[in-house]
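These are the residues of each chain, in order.
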Amino acid sequence: MLIVAFTGSLREKSLNKGILREVREMLPEGVEFEVLAPEELPYYNMDLEANEPEAVSAFKARIRQADGALIVTPEFNGGMPGVLKNALDWVSRPRETSPLRGKPTIITGAGAGGGTASAQAQLRLALGRFGVNVLEQPVVHIVKAWEKFDADGNLQDEETRANLRALVLALIKAVEEQSAIATA
Ligand SMILES: Cc1cc2nc3c(=O)[nH]c(=O)nc-3n(C[C@H](O)[C@H](O)[C@H](O)COP(=O)(O)O)c2cc1C
């Protein structure tokens, strides 16, 4: 099983990158995990679609090969960062054959008071527009995140770790159920 993941934070000691490291550690044996780099994509431009940039094709190809996806968003001014939205705009095209369409996907994020609730709501809305199978439950908003990660962006909080584990297990279950239906 392959799970691909990406985040909208680019900074080195990002708490949201810390979530990705944490998830990599908790995955059961046999589950491959690959973090993609949305910052390598050019700005979305419909004119480029006829001759799709290589970085975009590679990003989409890896998602297409994956069984499930994890998207981790920080919250910038009440929404997801531009780099993440840009990646989703590329991935959403063409809508009917988007590599994320119908793919089991989980979202989460670490932030201040609201724990990225607004950013996650925006992310969920965007993913819904092109038919991504975003799991409704469990919802994991990591609030007051600066108290739960150390200065290097490594998670230090057991309750958050347990919540992330539940989220990841829900994804694995959804992937297994989907593949059971596909092979039935
Ligand atoms: C431009 C900008 C806007 C922000 N807006 C919000 C916001 O609306 N809500 C919030 O909870 N945190 C906001 N923050 C704080 C970030 O969520 C916080 O810095 C977080 O740690 C960033 O994620 P990272 O650690 O993964 O880089 C903002 C930070 C920046 C740089």
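An unreviewed UniProt entry lists the protein under the name FMN reductase, with Ktedonospora formicarum given as the organism.

Enquirer: I'm lost on the site of the ligand in this one. Help?
Expert: As a matter of local geometry, the ligand sits amid Ser9, Arg11, Ser14, Leu15, Asn16, Pro74, Glu75, Phe76, Asn77, Gly78 and Ala112. Here serine 14 contributes a side-chain N or O atom positioned 2.6 Å from an oxygen atom of the ligand. At 2.8 Å, a backbone N or O of glycine 78 approaches an oxygen atom of the ligand. Considering the ligand on its own, with 620 Å² of exposed area, one finds that the protein chains cover 65% of that surface. Its residues assigned to classes, the shell around the ligand shows 4 nonpolar, 5 polar and 2 charged.

Enquirer: What is the right way to read the nonpolar core from this model?
Expert: A general tendency of soluble globular proteins is for nonpolar side chains to be buried together. Counting 28 residues, the largest nonpolar core has Ile19, Phe33, Leu70, Ile142 and Phe149 as its most contacted members. Elements that contribute at least two residues to this core include exactly β1 (2–7), α1 (15–26), β3 (68–72), β4 (104–110) and α5 (158–183). The leading source of residues in this core is α5, at 8 residues. Not counting residues up to four positions away in its chain, the partners in contact with phenylalanine 149 are Leu15, Gly18, Ile19, Ala110, Ile142, Asn154, Leu155 and Gln156.

Enquirer: Before we go on, may I ask you to explain the pairing of β4 in this structure?
Expert: Across the 7 residues that make up β4, a large majority, 7, are buried. Going residue by residue along β4, you find Pro104, Ile106, Thr108 and Ala110 tucked away on one face and Thr105, Ile107 and Gly109 tucked away on the opposite face as well. Alignment of β3 against β4, held across 4 bridges, turns out to be parallel. Bridge assignment links alanine 69 to a residue of β4, and that residue is threonine 105. A crossover connection joins β3 to the parallel β4 through helix α3 (residues 82–91); in handedness this β-α-β unit is right-handed. By the bridge criterion, 2 bridges tie β4 to strand β5 (residues 133–134) in an arrangement that is parallel. Each residue of the ladder has a partner; that of proline 104, found in β5, is asparagine 133. In this structure, β4 lies alongside strand β6 (residues 141–142), joined through 2 bridges in parallel fashion. When the bridges of β6 are listed, glycine 109 appears paired with histidine 141.

Enquirer: Explanation requested: the packing of aromatic side chains in the structure shown.
Expert: The geometry of an aromatic ring pair is captured by two quantities: the separation of the ring centres and the angle between the planes. Counted according to the given criterion, the structure contains 2 aromatic pairs. Relative to tryptophan 90, the ring of tyrosine 44 lies with its centre 4.8 Å away and its plane at 70°, an arrangement referred to as edge-to-face. Of the two residues, tyrosine 44 sits in the loop between β2 (32–35) and α2 (54–65) while tryptophan 90 sits in helix α3, which places them 46 residues apart along the sequence. Overall, the relative accessible area of 25% leaves tyrosine 44 in the partly exposed class.

Enquirer: Hey, could you run me through the pairing of β3 in this one?
Expert: Successive side chains on a regular strand alternate, one facing one side of the sheet and the next facing the other. Burial runs high along β3: 5 of the 5 residues are buried. A two-sided burial pattern is seen for β3, the buried positions comprising Gly68, Leu70 and Val72 on one face and Ala69 and Ile71 on the other. Direction of pairing for β1 relative to β3: parallel, over a ladder of 5 bridges. Paired with valine 4 across the two strands is alanine 69, which belongs to β3.

Each value, and the rule that gives it
- Sequence order as written defines residue numbering, which begins from 1 separately in each chain.
- With the structure being a predicted model, the display of local features is reserved for residues of pLDDT at least 70 and the display and counting of side-chain atom pairs for 80 or more, all residues being used for whole-chain, interface and lining totals.
- Water and hydrogen atoms play no part in the side-chain values, which are based on all heavy atoms of the structure.
- Definition of nearness: a residue and a molecule or strand are near each other if at least one heavy atom of the residue lies within 4 Å of the molecule or strand.
- We call two N or O atoms a polar contact when they sit within 3.5 Å, provided that within protein one can donate a hydrogen and the other can accept it, with sequence-adjacent residues counted only if both atoms are side-chain atoms.
- Using a 1.4 Å probe, the Shrake-Rupley method yields the accessible areas, and only the shown protein chains count as cover for residues.
- Classes in brief: Ala, Val, Leu, Ile, Met, Phe, Trp, Tyr, Cys and Pro nonpolar; Asp, Glu, Lys and Arg charged; the others, Gly included, polar.
- Remark: nonpolar core denotes a set of buried residues (Ala, Val, Leu, Ile, Met, Phe, Trp, Tyr, Cys) joined through side-chain atoms within 4.5 Å.
- Throughout, exposure labels follow a simple rule: accessible area from a 1.4 Å probe, protein chains only, divided by the maximum for the residue type, with under 20% read as buried, over 50% as exposed, and the rest as partly exposed.
- The secondary structure listing takes helices from DSSP runs of H or I that are at least 4 residues long and strands from runs of E that are at least 2 residues long, numbered from the N terminus.
- Two residues qualify as a contact provided that any one of their heavy atoms is within 4.5 Å of a heavy atom in the partner residue.
- What makes two strands pair is DSSP finding at least two bridges between them.
- Seen with the strands pointing away from the viewer, any crossover whose path from the first strand over the helix to the second strand runs clockwise is right-handed.
- Two aromatic rings from Phe, Tyr or Trp, using only the six-membered ring of Trp, form a pair when their centres are within 6.5 Å; if the ring planes differ by under 30 degrees the pair is stacked, by over 60 it is edge-to-face, and anything between is tilted.

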